[in-house]
Amino acid sequence: MNRLLDKSLKPLAIYALIVLLLSIPAYYFIVDRIWVSELDKHQYVLRDKIESRLVKLNLPDSTVEQTINIWNKIEPGFVFTAHPTDQVIKDSVYTTMRFDDFLQDREQFRALSTSVRINNKHYRLLIETNMEEADETVTAISLAAIFFFLLLLGGFILLIRRTSAKIWQPFYITLDTLRKFKLNSDQEISFTPSDTQEFNELNDSLSKLLIRNVNVYKQQKEFTENVSHELQTPLAIVQSKLDLLFQHPTLTNDQYNIVESAHTALTRVSRINKNLLLLARIENHQFADHENIDLSILLHNMMEMLSEHLEQKQLTLENILQPDVKIEANSVLLEVLINNLLINAIRHNSIKGRISIELTEHRLRLTNTGSHTLAANKLFKRFSTTSTETPGSGLGLAIIKQICDLYQWKVSYSFINNLHIFTISFKDPITLPAPSS
Amino acid sequence: MKLLIIEDEAELATSIAAYLSGENYTCEFAANFSQAIHKINLYEYDCILLDLMLPGGDGMQILAELKKQNKQDGVIIISAKNSLYDKIQGLQIGADDYLAKPFHLSELSARVFSVIRRKNFTNSNIVRQNELQIDILSKTIQVKDTPVTLTKREYALLLYFISNKNRVISKNALAEHLSGDIADMLDNHDFVYSHIKNLKKKLSDAGCGNYLKSVYGTGYRWEI
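The rules behind these values
Residues numbered from 1 in each chain as written. Chains lettered and ligands numbered in written order. Predicted model: local features only at pLDDT ≥ 70, side-chain atom pairs only at ≥ 80, totals over all residues. Heavy atoms only, no water. Pairing = 2+ DSSP bridges. Helix = DSSP H or I, 4+ residues; strand = E, 2+ residues; numbered from the N terminus. Axes fitted to C-alpha atoms, helices over the stretch in contact; angles between N-to-C directions. Contact = heavy atoms within 4.5 Å. Buried area = accessible area lost by both parts, 1.4 Å probe. Salt bridge = Lys/Arg side-chain N within 4 Å of Asp/Glu carboxyl O. Polar contact = N/O pair within 3.5 Å; in protein donor to acceptor, adjacent residues only side chain to side chain. Disulfide = S-S within 2.5 Å. Domains from an automatic or database assignment. Nonpolar A, V, L, I, M, F, W, Y, C, P; charged D, E, K, R; others polar. Buried < 20%, exposed > 50% of the residue type's maximum accessible area, 1.4 Å probe, protein only. Parallel < 35°, antiparallel > 145°, perpendicular 65-115°, else oblique. Left-handed = near helix turned anticlockwise from the far one by under 90°. pLDDT = per-residue confidence, 0-100. UniProt positions renumbered as here; feature names shortened; annotations may be inferred.

With respect to the sheet that holds strand β8 (residues 126–129) of chain B
All names here are of chain B. Ordered by their spatial adjacency, four strands build an open sheet running β8-β9-β10-β11, and the pairing between neighbours is antiparallel. The open sheet is flanked by β8 and β11 (146–148), the only strands paired with a single partner. Each neighbouring strand pair of the sheet contributes to a mean axis angle of 25 degrees, computed without reference to strand direction. Helix α6 (residues 152–162) rests against β8, β9 (132–135) and β10 (140–143) of the sheet, and its axis sits at about 110 degrees to β9.

Quick look at the structure:
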């Protein structure tokens, strides 16, 4: 994933590169054209100078031949030749590549082949000037282009980092605010205002969206609580009517069993309702008060309360409880948590099975015998574990999870060697900041 | 014994009255706040069943009013809220018990029984039934002067039956009475059966008549 600032740099860099690449041939043609036309002009000037100077010398014909010969030998780039005919031949201008004896390399020359008249005799004059080869020119221009491209790119990066970072600063602040926002934390969300209209609009829209979401979330929480609440009274009425029906003198055995079945189902509804209400209350932070609780003693007491249910299933209970394990929590929630864990261990156990409880300062672990592994990913979700074999409320583990989340404890499940293992890791006291001495 | 049922749900109030009137309780009703205030100002009750959410006012204020007038009526809060805060507040202001809706009528009857016994028989609180004698204060049992030692559970069961005489009580209601919230999370209520078996045996060994009858297979009734 690319960062925003890098994204705005990329097209700029590509555009600069294209422009500079196109400039290479353009510069070459311009330089070449100027070069060639300057050379041509220069060579005509040379020709005129040579002609006028030779004419001014007023040399006899024989000396002219001699002078030309010497000239040809001394002056490089100039070749006089006797004119083949008396007629004037048109001048020719051209560029040529040939091997140069002196430089021992192939060189490019601009040449002017023209006619000179001395003592009424026509001579052919070839003027050649060594010029830069095309490839060397292109290379030099390209190097310059690359240099400037790098200069541009560096400039872009620097400028974008500087200016864009400043321009986008409010955006990053908004992003950070959003990242820290939690729907269920009850805190107001507020964005830092900026001097950019668009960012303020973005912040406004986000605020509206979030406020709407928070309201929907609150309504939903309240809805759950209200519904559960409102259900209690009709449930109480149904329960009381069933209790009265039990007292009916003409009730037959069959009718009693029907009422009893209805009653059992009603108990289940009541339990689900109660648990939903509990979940809603935990979510609504209605268990804010907490105290320092001796978990070792609490566990001990709760195990004792459940002992008759252990006997019923002929379960063996072993426990390794480190004494004096103190924990900061709401006493009701902690009791609910341990209750649910213990009852799960009893309910989902096999006859003559085992339960072991292990408590240390850092964690509580419950292990019980079982036949098959549970789907760990769905386990702690509401109503995901209800099965027809063991019809619970489907909320026991969801409540456990919710309570652990509240106190930032970690709850995990594993199934090893036909054992269900639930572990609750308390906040590690070592990670707490040490008091400054 | 006179009871006042302060409850705006008429159906629930009549059910409660129908069940409790069989226990020789006379029930009166108040369906809203002003009726309730009116009645507590005029009369004395042995026990008041108080719903907290009433049309016209908060049930807590009725409780406060009773306290202000220094009335000795026993009060059991019956609330749909089931919140610990309400429970603590109610008990602090002066309620004698707190029962969350929905509840079993037999459970309510047991609570009413216990509140009335506590309020009205402070010195000698002894329940007698033929050869059976229960001392509520010391929680001891005697059958024709022979002391019987019961476990906590067995004693709780016996008292439950005594306060629901001639009533059919389902095993579920008994399980809930013994284990509270734990019971409704466990599907197996057979533990009730073993406690009942032990109770019956201890009573009959001491020479007590067989008042506790099994009915309809899974229900029980204390017949007298």
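So, next bit.
Looking at the interface of chain B and chain A
In this complex, chain B contributes 42 residues to the contact, which on the side of chain A involves 40 residues. When chain B packs against chain A, close to 3600 Å² is buried across both sides, 56% of that on carbon and sulfur atoms. At the junction of chain B and chain A, the tally comes to two salt bridges. The partner of glutamate 11 of chain B in a salt bridge is lysine 241 of chain A, with the nearest N and O atoms 2.8 Å apart. One can count twelve residue pairs in polar contact (both at pLDDT 80 or more) joining chain B with chain A.

Some thoughts on the state of the cysteines
By the definition in use, this model includes zero disulfides over all chains. Considering cysteine sulfurs only, cysteine 47 of chain B is the nearest to cysteine 27 of chain B, which forms no disulfide, with 9.8 Å between them.

Some remarks on the domain arrangement of chain B
When the parts of a complex come together, some accessible area is lost, and that lost area is often taken as the interface size. Residues and elements named next belong to chain B. Once the domains are mapped, chain B shows domain 1 (2–120) and domain 2 (126–222). Here the C-alpha centre of domain 2 lies 26 Å away from the C-alpha centre of domain 1. Across the domain 1/domain 2 interface, buried area totals approximately 1100 Å², and carbon plus sulfur atoms make up 47% of it. For the domain 1 face of the interface with domain 2, the top three residues by lost area are His104, Phe113 and Arg117, together amounting to 43%. Summed over the shared surface of domain 1 and domain 2, the result is zero salt bridges. Summed over the shared surface of domain 1 and domain 2, the number is nine residue pairs in polar contact (both at pLDDT 80 or more). Elements that contribute at least two residues to the side of domain 1 that touches domain 2 include exactly α1 (10–21) and α5 (105–120). Ranked by residues supplied to the side of domain 1 that touches domain 2, first place goes to α5 with seven residues. A breakdown of the residues in the side of domain 1 that touches domain 2 according to their chemical character gives five nonpolar, four polar and three charged.

What about the pattern of salt bridges?
Applying the stated criterion across every chain yields a total of 24 salt bridges over all chains. For lysine 201 of chain B, the salt bridge is made with aspartate 205 of chain B, and the minimal N-O distance between the two is 3.2 Å. In this pair, lysine 201 of chain B and aspartate 205 of chain B are both assigned in helix α8 (residues 190–205), four residues apart and thus about one turn of the helix distant. Residues joined in a network through salt bridges with shared partners are Arg47, Asp48 and Glu51 of chain A.

With respect to the environment of lysine 68 of chain B
All names here are of chain B. Along the polypeptide, lysine 68 turns up in helix α3 (residues 59–68). For lysine 68, a relative accessible area of 66% translates into the label exposed. Here the alpha-carbon distance between lysine 68 and threonine 151, two residues 83 residues apart in the chain, equals 40 Å.

Observations concerning the packing of helix α4 (residues 197–246) of chain A against helix α5 (residues 253–283) of chain A
All names here are of chain A. Packing of α4 against α5 brings their axes to within 9 Å, and their N-to-C directions diverge by 155 degrees. The angle between α4 and α5 places the two elements in the roughly antiparallel class. α5 is crossed by α4, and the crossing has left-handed handedness.

A look at the domain arrangement of chain A
The domains assigned to chain A are domain 1 (4–139), domain 2 (197–283) and domain 3 (291–431). The straight-line distance from the C-alpha centre of domain 1 of chain A to that of domain 3 of chain A is 99 Å.

A short note on the confidence of the model for chain A
Within chain A, residue pLDDT values average 85, and 94% of them lie at 70 or more. In the predicted structure, residues 430–437 of chain A sits below a pLDDT of 50 and forms one contact with residues beyond four places in sequence or in another chain.

Some points on the UniProt feature "transmembrane region" (unreviewed entry) in chain A
Residue and element names in this part refer to chain A. Sites flagged by UniProt as "transmembrane region" (unreviewed entry) map to residues 12–30 and 140–160. A distance of 26 Å separates the end C-alpha atoms of residues 12–30, which is 100% helix and 0% strand. Here residues 140–160 is 100% helix and 0% strand, with 30 Å between the C-alpha atoms at its ends.

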